[in-house]
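Next come the chains, spelled out residue by residue.
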Amino acid sequence: MPAPIRLRELIRTIRTARTQAEEREMIQKECAAIRSSFREEDNTYRCRNVAKLLYMHMLGYPAHFGQLECLKLIASQKFTDKRIGYLGAMLLLDERQDVHLLMTNCIKNDLNHSTQYVQGLALCTLGCMGSSEMCRDLAGEVEKLLKTSNSYLRKKAALCAVHVIRKVPELMEMFLPATKNLLSEKNHGVLHTSVVLLTEMCERSPDMLTHFRKLVPQLVRILKNLIMSGYSPEHDVSGISDPFLQVRILRLLRILGKSDDDSSEAMNDILAQVATNTETSKNVGNAILFPLLQTDHNAVQRHRSTIVDCLKDLDVSIKRRAMELSFALVNGNNIRGMMKELLYFLDSCDPEFKADCASGVFLAAEKYAPSKRWHIDTIMRVLTTAGSYVRDDSVPNLIQLITNSVEMHAYTVQRLYKALLDDISQQPLVQVASWCIGEYGDLLVSGQCEEEEPIQVTEDEVLDVLEGLLVSNLSTPVTRGYSLTAIMKLSTRFSSVNRIKKVVSIYGSSIDVELQQRAVEYNALFKKYDHMRYELRWCSTHSLLTGGRTRSHLNETALPTKPASAGGELLDLLGDLSLSGMPSMTVPLDAESAHSDRSSRHAPNVSLSSRAGIPPMTAYNKNGLKIEFTFERSNPNPNISVITIHASNTTEADMTDFVFQAAVPKVWPQSVVMTRPGGGALKRTESDSFLKLQQQLRMRIKLTYTYKGAPVQDLAEVNNFPPQSWQ
Amino acid sequence: MQFMLLFSRQGKLRLQKWYVPLSDKEKKKITRELVQTVLARKPKMCSFLEWRDLKIVYKRYASLYFCCAIEDQDNELITLEIIHRYVELLDKYFGSVCELDIIFNFEKAYFILDEFLLGGEAQETSKKNVLKAIEQADLLQEVSHHEGSRFVD
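The numbering scheme is per chain: residues are counted from 1 as the chain's sequence reads. Note on labels: chains are lettered from A, ligands numbered from 1, in written order. Residue-level local features of this predicted model are given only where pLDDT is at least 70; pairs of side-chain atoms are given and counted only at 80 or more, and the full residue set underlies all totals for whole chains, interfaces and linings. The side-chain quantities take in all heavy atoms of the structure and omit both hydrogens and water.

Overview of the overall build of chain A
To keep it simple, the criterion reads: Counting from the N terminus, the helices are the DSSP runs of H or I reaching at least four residues and the strands are the DSSP runs of E reaching at least two. With a 1.4 Å probe rolled over the protein chains alone, any residue whose accessible area is under 20% of its type maximum counts as buried; one over 50% counts as exposed, and the rest are partly exposed. In what follows, residue pairs with any heavy atoms lying within 4.5 Å of each other are defined as contacts. Accessible surface is estimated by sampling points in the Shrake-Rupley manner with a 1.4 Å probe; for residues, cover comes only from the protein chains shown.
In terms of regular secondary structure, chain A is built from 33 helices and nine strands. Residues classed as buried in chain A amount to 53% of the 727 residues present. Taking the intrachain contacts of chain A between residues at least 6 apart in sequence as the baseline, contacts between residues at least 24 apart amount to 67%. For chain A, the exposed area adds up to about 32,500 Å²; of that, 50% sits on carbon and sulfur atoms.

Overview of the packing of aromatic side chains
Let me state the cut-off plainly: In this scheme Phe, Tyr and Trp rings, the latter by its six-membered ring, pair at centre separations within 6.5 Å, and the angle between planes marks the pair as stacked below 30 degrees, edge-to-face above 60, and tilted otherwise. For a ring to carry a charge above it, either NZ of a lysine or CZ of an arginine must fall within 6 Å of the ring centroid while also lying within 35 degrees of the normal to the ring plane.
Summed over all chains, the structure comprises 12 aromatic pairs over all chains. An angle of 80 degrees between the planes, with centres 6.1 Å apart, marks the rings of Trp435(A) and Tyr440(A) as edge-to-face. Like Trp435(A), the residue Tyr440(A) is buried in the burial classification. Judged by centre distance (5.5 Å) and plane angle (80 degrees), the ring pair of Tyr61(B) and Phe66(B) falls under edge-to-face. For Tyr61(B), a relative accessible area of 17% puts it in the buried group. Judged by its relative accessible area of 3%, Phe66(B) falls in the buried class. One cation-aromatic arrangement involves Arg35(A) over Phe65(A); the distance from NZ or CZ to the ring centre is 4.1 Å. Arg83(A) extends its terminal NZ or CZ atom over the ring of Phe111(B), reaching a point 4.1 Å from the ring centre.

Considering the environment of Leu311(A)
Residues and elements named next belong to chain A. Within the secondary structure layout, leucine 311 lies in the loop between α17 (304-310) and α18 (316-329). Considered as a pair, leucine 311 and alanine 322 are 11 residues apart in the sequence and their alpha carbons are 5.6 Å apart. Aside from chain neighbours lying at most four places away, what touches leucine 311 is Lys319, Ala322, Met323, Ser326, Leu342 and Phe345.

As for empty space enclosed by the protein
Condition: Residues are called lining when one of their atoms sits within 4 Å of a cavity or pocket point, these points coming from a 1 Å grid over the protein atoms alone, where a cavity is a set in which a 1.4 Å probe fits but cannot get out and a pocket is an open set with protein on both sides within 12 Å along at least five of seven lines. Grid points are joined across faces, edges and corners, and a volume is the space filled by probe spheres set on the points.
A full pass over the atoms with the stated rule returns seven cavities of 30 Å³ or more. In this structure, the largest cavity occupies an estimated 200 Å³ of space. Around the largest cavity sit 15 residues that line it, and Arg248(A), Ile78(B), Thr79(B), Ile82(B) and Glu121(B) are the ones nearest its centre. Listing elements by their share of the lining of the largest cavity, those giving two or more residues are α13 (243-257) of chain A together with α2 (76-94) and β7 (121-122) of chain B. With four residues, the top contributor of residues to the lining of the largest cavity is α13(A).

Focus: the interface of chain A and chain B
Applicable threshold: Buried area adds together the accessible area that both of two parts lose upon being put together, with accessible area traced by a 1.4 Å probe. By definition, a salt bridge exists where a carboxyl oxygen of Asp or Glu is found within 4 Å of a side-chain nitrogen of Lys or Arg. Under the rule applied, a polar contact is a pair of N or O atoms within 3.5 Å (in protein, one hydrogen donor and one hydrogen acceptor; residues adjacent in sequence only if both atoms are side-chain atoms). Polarity classes work like this: nonpolar for Ala, Val, Leu, Ile, Met, Phe, Trp, Tyr, Cys and Pro, charged for Asp, Glu, Lys and Arg, and polar for all others, with Gly in that last group.
Contacts between chain A and chain B engage 71 residues on the former and 65 residues on the latter. In total, chain A and chain B occlude about 6,200 Å² of area from one another, counting both sides; carbon and sulfur atoms represent 58% of this. Along the contact surface separating chain A from chain B lie nine salt bridges. A salt bridge links Glu121(B) to Arg248(A), with the nearest nitrogen and oxygen atoms 2.6 Å apart. At the boundary of chain A with chain B, the tally comes to 15 residue pairs in polar contact (both at pLDDT 80 or more). For the side of chain A that touches chain B, the leading source of residues is helix α3 (residues 43-58) of chain A, giving nine residues. Its residues placed into classes, the side of chain A that touches chain B shows 30 nonpolar, 19 polar and 22 charged.

A few points about the confidence of the model for chain A
All names here are of chain A. The criterion, for reference: The predictor reports its confidence for every residue as pLDDT, a score running from 0 up to 100.
With 79% of its residues at a pLDDT of 70 or more, chain A has an overall mean of 78. The element-level mean pLDDT for chain A is lowest in helix α29 (residues 541-545), coming to 24, with helix α9 (residues 151-167) highest at 97. This model gives residues 669-694 a pLDDT under 50, and the stretch forms 53 contacts once residues within four places in sequence are excluded.

Concerning the nonpolar core
Put simply, the rule reads: The set of buried Ala, Val, Leu, Ile, Met, Phe, Trp, Tyr and Cys residues whose side-chain atoms join them within 4.5 Å is what this entry labels a nonpolar core.
Met103(A), Phe175(A), Leu219(A), Leu223(A), Phe66(B), Tyr86(B) and Leu117(B) are the most contacted members of the largest nonpolar core, which totals 147 residues. With residues near it in sequence (within four places) discarded, Phe66(B) still touches Leu5(B), Leu6(B), Val57(B), Tyr58(B), Lys59(B), Tyr61(B), Ile83(B), Tyr86(B), Val87(B) and Leu90(B). With 80 residues, the next largest nonpolar core counts Met323(A), Ile402(A), Ala486(A) and Leu525(A) among its residues.

Some words on the pairing of strand β9 (residues 710-718) of chain A
Successive residues of a regular strand alternate their side chains across the two faces of the sheet. Residue and element names in this part refer to chain A. Heads up, the rule is: Being paired, for any two strands, means DSSP has found at least two bridges between them.
Inspection of the sheet shows strand β8 (residues 699-707) paired to β9 by nine bridges, in the antiparallel sense. Each residue of the ladder has a partner; that of threonine 704, found in β9, is glutamine 713. Counted along the chain from β8 to the antiparallel partner β9, the turn is two residues long, and its residue lysine 708 has a positive phi close to 50 degrees.

Side note on the packing of helix α24 (residues 427-446) of chain A against helix α25 (residues 459-471) of chain A
Residue and element names in this part refer to chain A. Heads up, the rule is: The angle between two axes is taken between their N-to-C directions and runs from 0 to 180 degrees, where each axis is a line fitted to C-alpha atoms and a helix contributes only its stretch in contact. Angle categories are assigned with fixed cut-offs, so that under 35 degrees is roughly parallel, over 145 is roughly antiparallel, 65 to 115 is roughly perpendicular, and the rest are oblique. Note: crossing handedness is left-handed where the near helix turns anticlockwise from the far helix by less than a right angle, and right-handed where it turns clockwise.
One way to put it is that α24 packs onto α25 with a least axis distance of 11 Å and a crossing angle of 165 degrees. Here α25 runs roughly antiparallel to α24, going by the angle between their axes. Where α24 crosses over α25, the two elements pack in a sense that is left-handed. From α24, Val430, Ser434, Ile437, Leu444 and Val445 reach across to α25, where they touch Glu459, Val462, Leu466 and Leu469.

Some words on the pairing of strand β5 (residues 64-70) of chain B
Residue and element names in this part refer to chain B. Judged by how many residues are buried, β5 sits mostly within the fold: seven of seven residues are covered. Both strand β1 (residues 3-8) and β5 contribute to a ladder of six bridges, which runs antiparallel. Within β5, the position partnered with leucine 6 by the bridge is phenylalanine 66. Where strand β4 (residues 54-61) lies against β5, seven bridges are found, and the strand directions are antiparallel. Counted as the bridge partner of tyrosine 61 is leucine 64 from β5. What sits between the antiparallel neighbours β4 and β5 is a turn of two residues, in which alanine 62 has the positive phi angle 55 degrees.

What to know about the side chain of Lys17(B)
Topologically, Lys17(B) is positioned in strand β2 (residues 13-18). A polar contact of 3.0 Å, which involves the side chain of Lys17(B), links it to the side chain of Asp114(B). The contacts of Lys17(B), once residues within four sequence positions are left out, are Met90(A), Cys128(A), Gln2(B), Phe3(B), Met4(B), Tyr110(B), Leu113(B) and Asp114(B).

Points about the environment of Val87(B)
Residue and element names in this part refer to chain B. With respect to the element layout, valine 87 can be found in helix α2. Placed 22 residues apart in sequence, valine 87 and alanine 109 show a C-alpha to C-alpha distance of 10.0 Å. Setting aside residues up to four positions removed in sequence, valine 87 forms contacts with Tyr61, Phe66 and Val97.

Some details on the sheet that holds β5(B)
Two modes of strand pairing occur in sheets, parallel and antiparallel, and in both the strands are linked by backbone hydrogen bonds. Residues and elements named next belong to chain B. With respect to topology, five strands assemble into an open sheet ordered β2-β1-β5-β4-β3, the strand pairing being antiparallel. A strand with exactly one partner marks an edge of an open sheet, and here the two such strands are β2 and β3 (48-51). Along the sheet, successive strands turn relative to each other by an average axial angle of 20 degrees, direction set aside. Lying on the sheet, helix α4 (residues 106-116) is in contact with β1 and β2; it crosses β2 at an angle near 35 degrees.

Encoded structure:
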């Protein structure tokens, strides 16, 4: 019998399957081969076969006939066998299987093996999935290993003990003696796992908890060392020394300190110290503060009034710490009081704090706002007092928030409008206000407002304000963009459409390119896509606000996006390429680009240089429409070719509503990605660079456009891909 | 931690580590539902969500989703750090790891995970020590190979 195929070879082969059925067939064939190999009791290849089985198991196929083989591997003397055997056991032999218990003896032997890595395998397996019976049988061995001086084994034994205790709580007592000097270890791995073990014991038994209270000073000392000690590259995570250990210790301290004043006192200082020393700008810092603040009668809350007073301290660094800590202390109970203090601080603090403080206030408000109105009021307060310090990314978040508070729309837009009347210098305020007016302007002029006295505003007054923003020297280009878009949106809500049209057309020749572009596009909407102006209502905020090109929001909302049925058309497209299934890839290039291609309608002189030695090619050239492909090797991954599509119109008239669709045979399943201009891949790849494709790349394209009023459609097959582009 | 799943954007499972005993059927059901739930989330959504009675912590790295299910009393923020640490370990081991590495060397990905976590908890907080242990174990495997046994390949 020939040697069974290698694991990686099998993986490679299975991945070439084009359909589920084909894959199933391959798997069945291989399983049959593996089964007969098992029957022959082949020691040499057992490891390889089980590994392959595990792969197929991960794909979702049954693998129980490999269970006994895993046991044989575990019993083998070879480390390779054991490694795969134990892996197989963990994947296939959980406690629900009949043969699970057969592992016990092997594990027992391996726990006493001369090589620590074998012992490690056994401990790991036992600690991950040992059944209650197994745990009962082997607890003694684990306890022994818990006392070893070998830190590699000791840390594993500790977690194994945790598992044993979870499975068989009565056995907890027997581990008590071994815990005696666990915390005097220097090794962080042992410390971490020991703290986990101690936590488990304390959580399960009040007696244990009382017993371990005496460890508090030691835990505090360890924590102190972690914070005070200098930079330790081995354990550092973003400037914090072993956050995993810190978090675990804090959790244990919280349990030990509960309803015990002496312990709590002993912890006070260190908790406050951790709180003040921990940088919360990274997730890791917050991870540490998190358990800290979960303590019920925790020391830090007790110091809350002191901390709040520190906000008024003269020393800048104290003020900063106090501010950070204050935000960390805010919760549902103290939000109103804390917010008052923090808003007061925001009013009077130095400019260097305002941005962080504003962000903090927004976050806290979002989490704990007692009511929507309170929330909106708080936001308004921040925008009006520190409006120019608010971070750029707050604007989209606020907009999102306002969008979601449906019942507050009228109230919000009214308050924002009033704020604009007072002051248009604070850009974030102006931006949020403009956006709101654009969205809810109809509520503003209709005078509906439940929360307070509605104001009387006319459409013209609103437009005056927005136009004022456009011309004001105080407005940044971004703000102007907001105002213009808001004005445009109002064209669907207000009746004074003509006035709006005038404004939009004026800005079509603005010096500001951004503004000009928007105005031109909006103008087009008026002229050609009047029915789609209403789509602007649902403009996604994100596309407006990420630094990218504004085209994208128009692409996504204003244009008729081809519905999913395009997939069906593409299936037809591939009809007689005689290959089943295909990914649907449609790139509706926005009409605007065809429109502005007016400039290129006189034979473009775009030199399509061959990059990286792959010559460009003409994919299609008919009736004045020329489509060229240029190729480039992708920068991070040279096994990926990036094809850029250049479409040009050499006739005198425009080609509008241009849609380009492409389909490739499924032999290239996920290796072709279509991206739009402006980024955003339509289909992700799994960088299938491993496969050397044997088949010539072929593509079928479908073009539709409107030319001189008449619709044009054409299908073409592209076969002339240079070999360098796909090999 | 109750379990950890690694899956691609197409929902293909690349690694599954279960720390609780469940039948194959239940595991498949959970995997299917959870993968669907996580894949449906938009890029800017929070890394944490509540699902059944568990907290799910997930993060996407290139084309792979790393997804952990933890219990109520566990710290989700540190779980994110655990995920990140695991990715860093894979990255150091494979040298700029990508999804394909994990597909073709899934058993090694498991070995590394099992040197980092045990029973769902971190057993070693030093990156260096985890990698050292793996290195030594790999060496041991090499030695046993030269002693005549077959490699996994």
